Amino acid sequence: MNHRVIGVVGQGLMFQIASSWLSRTLSPFGAKIIGFETPVKDGPVVAEWGPGLHDFCAVTGLSLAGLMRECQGNFCWGLRCNWFKRGALLPYGSYGLKSRQKEFEHGMLRMFSRFPERNPDEFSLAGSAACLGRFALPMAQWSGWAHAMRSGVTLEAAQLASLLHTFNQQLGVVYLPVSDDSIPAEAHPQVDFWLHIASVAGGSKSAESIEETLLPESCCGYSELHSQAGKTLKLAHTRRQTLQYGLRQGAQHQSGQGRYFRQFKRFSASWTGNQLRLELPLLTSLTSPFDTLIDWLQKLLELWPAQFASHALAMSYRQYADTYIAEAEDFEQTLFGKQSLQRQLFLRCGRLLQRETGAVSDAQWFALLMGMGDLPQRSSVVLEATDDESLFPVMEEIARRIRCVVSGMPEHREFVSRFCNAGVPLNIHALGNASQGA
Amino acid sequence: MVKPVDIVILGGGTAGWMSAAALSRLLPASRYRITLVSAPELQTVGVGEATIPHIRYFNQTLGIDENEFIRSVGATYKLAIRFKGWGYEASDYCHGFGYSGERINDIEFHHYFLRAFGRSSEVDYDRFCLASLAARAHRFEYPKQGDSMAGRYGYAFHLDATRYADYLREFSLANGVKHILGKVESVQLSLSGDICSLRLLNGEIIEGDWFLDCSGFSARLIEQELNSGYESWQQWLPCDRAVAGASGAMDSPPTYTLSQTHCAGWRWQIPLQHRTGNGVVYASHEMSDDEAAVLLNRSVEGIDESRLKVLSFLPGKRRKSWQRNCVAIGLSSGFLEPLESTSLYLVQVAIEKFIEYLPADRNCHAERQAFNQFIDIEYERIRDFLILHYHQNGLNSSFWRYCATMALPDSLNLRLQLYDETGHFSGYRQGLFMPVSWVTVALGQGRYPQGIDGRMQKWPKHQIAQELTSYQAKLVSLVGQMSAHKYALGRAGEEGLRYPEASPSLYGFVSG
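The rules behind these values
Along every chain, residues carry numbers that run from 1 in the direction the sequence is written. Written order decides the labels, with chains lettered from A and ligands numbered from 1. Totals for whole chains, interfaces and linings use every residue, but because this is a predicted model, local features are given only for residues with pLDDT of at least 70 and side-chain atom pairs only at 80 or more, for both listing and counting. Where side-chain values are given, they derive from all heavy atoms of the structure, hydrogens and water being excluded. Aromatic rings from Phe, Tyr and Trp, taking only the six-membered ring of Trp, are treated as a pair when their centres fall within 6.5 Å; an angle between ring planes under 30 degrees marks them as stacked, one over 60 as edge-to-face, and anything in between as tilted. Strands here are runs of E lasting at least two residues and helices are runs of H or I lasting at least four, both read from the DSSP assignment and numbered beginning at the N terminus. Burial classes: relative accessible area under 20% of the type maximum marks a residue as buried, over 50% as exposed, and values in between as partly exposed (1.4 Å probe, protein chains only). Two conditions define a charge located above a ring, namely a distance within 6 Å from the ring centre to NZ of Lys or CZ of Arg, and an angle within 35 degrees of the ring normal. An automatic or database domain assignment supplies the start and end points of every domain. In what follows, residue pairs with any heavy atoms lying within 4.5 Å of each other are defined as contacts. Two parts placed together each lose some accessible area under a 1.4 Å probe, and adding up what both lose gives the buried area. What pLDDT reports is the predictor's confidence in each residue, on a scale of 0 through 100. Here, a salt bridge means any Lys or Arg side-chain nitrogen found within 4 Å of an Asp or Glu carboxyl oxygen. Lines fitted to C-alpha atoms define the axes here, with helix axes fitted over just the stretch in contact, and angles between the N-to-C directions of these axes take values from 0 to 180 degrees. Roughly parallel here means an angle under 35 degrees, roughly antiparallel means over 145, roughly perpendicular means 65 to 115, and every remaining angle is called oblique. Each crossing gets its handedness from the near helix: less than a right angle anticlockwise from the far helix is left-handed, clockwise is right-handed. Each residue gets one label: Ala, Val, Leu, Ile, Met, Phe, Trp, Tyr, Cys and Pro are nonpolar, Asp, Glu, Lys and Arg are charged, and the others, such as Gly, are polar. UniProt positions are given in the numbering used here, feature names are shortened, and annotations may be inferred rather than shown by experiment. Strands are labelled as partners when DSSP assigns at least two bridges between them. Any pair of N or O atoms that falls within 3.5 Å is considered a polar contact. Within protein, one atom must be able to donate a hydrogen and the other to accept it, and sequence-neighbouring residues count only if both atoms are side-chain atoms.

Once that is clear, we can look at the packing of aromatic side chains. Evaluated as defined, the whole model comprises 65 aromatic pairs over all chains. Arranged with centres 6.5 Å apart and planes meeting at 45 degrees, the rings of Y320(A) and Y324(A) form a pair that is tilted. Placement of both Y320(A) and Y324(A) in helix α10 (residues 311–335) is noted, with a separation of four residues, approximately one turn of the helix. The pair formed by Y320(A) and Y324(A) is uniform in burial state, with each residue classed as buried. Through a chain of ring-to-ring contacts, three or more aromatic side chains come together here, namely F69(B), Y77(B), F140(B), Y142(B), Y155(B), F157(B), Y164(B) and Y167(B). The ring of Y320(A) is capped by K299(A), whose NZ or CZ atom sits 4.7 Å from the centre of that ring. Seen from the ring of W233(B), R383(B) lies directly overhead, with NZ or CZ sitting 4.7 Å from the centre.

Following this line, the structure appears as structure tokens:
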């Protein structure tokens, strides 16, 4: 058997996540993970995850309930933007109840053109539940609506990092403290592949200010973007704390040259020889850096080679990451007013461009453009064959069913409490309840 | 009362009638008037058309009953394309409409295959694809939904393109499409450059808001009037002519399209219920039309020599398929040879996208840009896949030697380098062919990667080989339970026979 050695270099939560992921996915194949840990820097207190945390749990065998309990977690249906003209939530889940309801969003557009006061959140499980402070996971009676019930989680970052550190040691990750990330590869000839995780705090240079405010009992089921007096504030809540940071807006944003954009562009991936370097800013307005990391690690495994020093591998990986970044960036910039082709197309016919990565979902784009007040000149021409009198009752019935489902959900706080206290152990693997690898 | 939008389709071939059928079925008749103009003497190639599973989705969207369709157009079932002589003389592999093996431990199946058998010539990769195995055995059965082995494939049809166009014409006329027989004498443009109307030879003027150019290679509107421009890909796809003819029906029609190489290109065989379509595709600088006709006659018994048709084409793509208020669909939009049966697929996706983006007025820069971007990606990704068939070869003729040494598009170069070095083909979200198809062609034509997934060394070769052999035996057993193709076709004539739901996927189901 070929024992390969993977060196993960970095510090903080991103570093621990990458180590866990690689250890869980590669150890069964005989790989050994060495964590070259640089001195820990201050990072944000709250880690915002999208649905990527569910993937992380599935791979690592850590239980969501355990993480929620240990890290004061809150569930999160999406991001609420207080300046949206129509609706408020950028949901992780899809609109409607099922994932393949053809032209459902166009039925919504038809309703909004006739009844401008109607709200997209009425047609979204996530949006409706977030409004009412309700929450449930797509278990048991709701399993058919998993796509509509996708959610994220906010966790206390330091607690999660510490927990993963312990977990990784149990997995056999060996930690070696180093003074910085410029480790000479020749000093460690046993390492076959180096993964550098640069989790850029971003706060001091790019975000206007970072404040950590203790807000006990803040459990609202979503993160928030507040726009006020030319400033945009991002808030993310765990059960114990709220992370709040500012994103500068104003004239600079219109030109696309604002400080915020520079911050976002610091997402990057570069591959040289047997070294892959991922730079992931910890603070962004929309895209979860943790979900990005999981996506990029999945891509890495999808292309997992026998020999790492491959020009084509490096090029292919970077091409993927660049596309991911461009798609996420397009979304972020549109939020701050950029006229993208995506927005122009939506304004004309209510359609979205096909995208190559999972950086942003259709539902998120739809919610964003609706939220900005964009109402397309026309909706689906196929739906034109159905008149309002036939179409609207169908849409109302779905909205009614969504209300009904949401009213059956417990309050967010209650769900979190029950979920966390259900006694599920943190490490499911330790009980032998799941199997990985071969 | 609001004036209805006039959509004029120029061309009465398969692309024209597919467009008319879809538009008349999906757009409300109260708001859209569809007119199709076709020349009285129009001749389609009429020797058979091979399709891919997406055609079922198109028919399903139109509400066409599959069994009635099969009877009407003389269709046979299709599960694969069989490639003989591609890559090296003795090669014989099938590109099936389904997955080979399964993804295990999040690693694609071909890595297990390569770990177990390496370059062994005794075991072929396509033998792990149920659709391919069934095709070789001339068998057919509907995929069983939800079954992890017997449900992981799709199917398509071989059909008579003329009959399909006729079928869709009847369908369209019943849905209110106005059909005008006439030849275009001139085209009137507005000051802005948009097309206003077509003037026919008999003096009739056909006005329209939107014009679909389905006029075939002549590209009467998109090129002759609007000068969209054409990007030739002949440097990568050197065949530029085909001679086609029909022979009698086969006693036991296969469930595959045959594609077999010759010294200057390849030839096809498409089994229909009532006859067999045949053709030779070739590069005109390597083979004359007469030589191609001789080759066709020599290769196929009972061909009707008096009705051979010679076609010439230039592989490539229109620079802008949507120009002003005109959208090119079918051969006017571009030509990629039918090696992977993608012609009707490209027609289909263009129609679907046009309906999706159909603008409210002519100020449609965004729709146009998005449409052209979409079509470009579709064409370019299929193009790269086709080039791989030509490029990966060790055949000994000047034609094949050129193909083996030609410079490749950057996009394909990177894909192949990645595969050569790591055994991986990158997937994409938009585009027809997923990594399993790329692997099937690469391995089928003798291109083996230097490396495979780095995790594979965990398992001893013999252990994987044992598992795979057992898996393959199960597939063979499943094929044994399938019906003979001819019997399955007879069954399609039975009233009320239920067929599976179609999905827009080459592999039979839509994941997620």
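It is worth spelling out the domain arrangement of chain B at this point. Residue and element names in this part refer to chain B. Under the domain assignment, chain B is made up of domain 1 (5–48 + 160–232 + 315–380) and domain 2 (241–312). The distance between the C-alpha centroids of domain 1 and domain 2 comes to 28 Å. At the junction of the two partners, domain 1 supplies eleven residues and domain 2 supplies 16 residues. For the domain 1 and domain 2 pair, buried surface summed over both sides reaches about 1100 Å², with 60% attributable to carbon and sulfur atoms.

Once that is clear, we can look at the confidence of the model for chain B. Here chain B averages 94 in pLDDT, and 98% of its residues register 70 or above. Predicted complex, confidence summary: ipTM 0.93, pTM 0.94.

Facing 43 residues of chain A, the contacting portion of chain B comprises 44 residues. Summed over both sides, the interface of chain A with chain B buries roughly 3800 Å², with 54% coming from carbon and sulfur. Among the residues chain A hides against chain B, the three largest losses belong to F29(A), R348(A) and E356(A). Together they make up 17% of the total. Summed over the shared surface of chain A and chain B, the number is four salt bridges.

Following both chains from N to C, one finds α10(A) and helix α11 (residues 410–422) of chain B inclined at 125 degrees, their axes separated by 8 Å at the closest point. Relative to α11(B), the element α10(A) is oriented oblique. The interaxial crossing formed by α10(A) with α11(B) has left-handed handedness. Where α10(A) abuts α11(B), its residues H311(A), A312(A), L313(A), M315(A), S316(A) and Q319(A) lie against L414(B), Q417(B), L418(B), E421(B) and T422(B). Of the residues assigned to the contact of α10(A) with α11(B), the class counts are five nonpolar, five polar and one charged.

A separate point is the UniProt feature "binding site: FAD" (unreviewed entry) in chain B. Residue and element names in this part refer to chain B. Residues given the UniProt feature "binding site: FAD" (unreviewed entry) here are G12, G13, T14, A15, V184 and L331. Relative to the assigned elements, G13 resides in the loop between β1 (5–10) and α1 (14–26). Here T14 shows up in helix α1. In this structure, T14 is in contact with A161, Y164, A165 and L344, ignoring residues within four places of it in sequence.

Residues and elements named next belong to chain B. Spatial ordering of the open sheet is given by β10-β11-β12, a layout of three strands whose pairing is antiparallel. Pairing within the sheet leaves two strands with one partner each, and these edge strands are β10 (184–189) and β12 (205–207). Averaged over all neighbouring strand pairs, the angle between strand axes comes to 20 degrees, with direction disregarded. Here strand β11 (residues 195–200) runs beside β12; their pairing, made up of three bridges, is antiparallel. Directly across from L198, in β12, lies its bridge partner I206.

What follows covers the domain arrangement of chain A. All names here are of chain A. Split into domains, chain A comes out as domain 1 (5–69 + 156–200 + 266–319), domain 2 (79–133 + 338–437) and domain 3 (211–263). Taking only C-alpha atoms into account, the centre of domain 1 sits 31 Å from that of domain 2. Between domain 1 and domain 2, the residue contacts involve 23 residues of the former and 15 residues of the latter. Interface of domain 1 and domain 2: buried area, both sides summed, is about 1600 Å²; carbon and sulfur atoms make up 65% of it. If you look at where domain 1 meets domain 2, you find zero salt bridges. There are four residue pairs in polar contact (both at pLDDT 80 or more) connecting domain 1 and domain 2. Counting residues per element, the ones that place at least two in the side of domain 1 that touches domain 2 are α2 (52–60), α3 (64–70) and α6 (157–171). Tallying contributions element by element places α3 first for the side of domain 1 that touches domain 2, with six residues.

A word on the sheet that holds strand β21 (residues 322–323) of chain B. All names here are of chain B. If you trace the six strands from one edge of the open sheet to the other, you get β9-β2-β1-β13-β22-β21, paired in mixed fashion. Both edges of this open sheet fall to β9 (178–181) and β21, since each of them pairs with a single strand only. Where β21 lies against strand β22 (residues 326–328), two bridges are found, and the strand directions are antiparallel. Residue pairing in the sheet places W322 in a bridge with V327 of β22. In the packing of α1 onto the sheet, contacts are made with β1, β2 (32–38), β9 and β13 (210–213), and the angle to β2 comes to roughly 165 degrees.

All names here are of chain A. Running from amino to carboxyl end, helix α11 (residues 341–349) crosses helix α12 (residues 362–371) at an angle of 70 degrees, the nearest separation of the two axes being 11 Å. Considered as vectors, α11 and α12 are oriented roughly perpendicular to each other. Taking contact as the criterion, the partners of Q342, R343 and F346 in α11 are, on α12, W365, F366, L369 and M370. Residue classes in the contact of α11 with α12 are distributed as five nonpolar, one polar and one charged.

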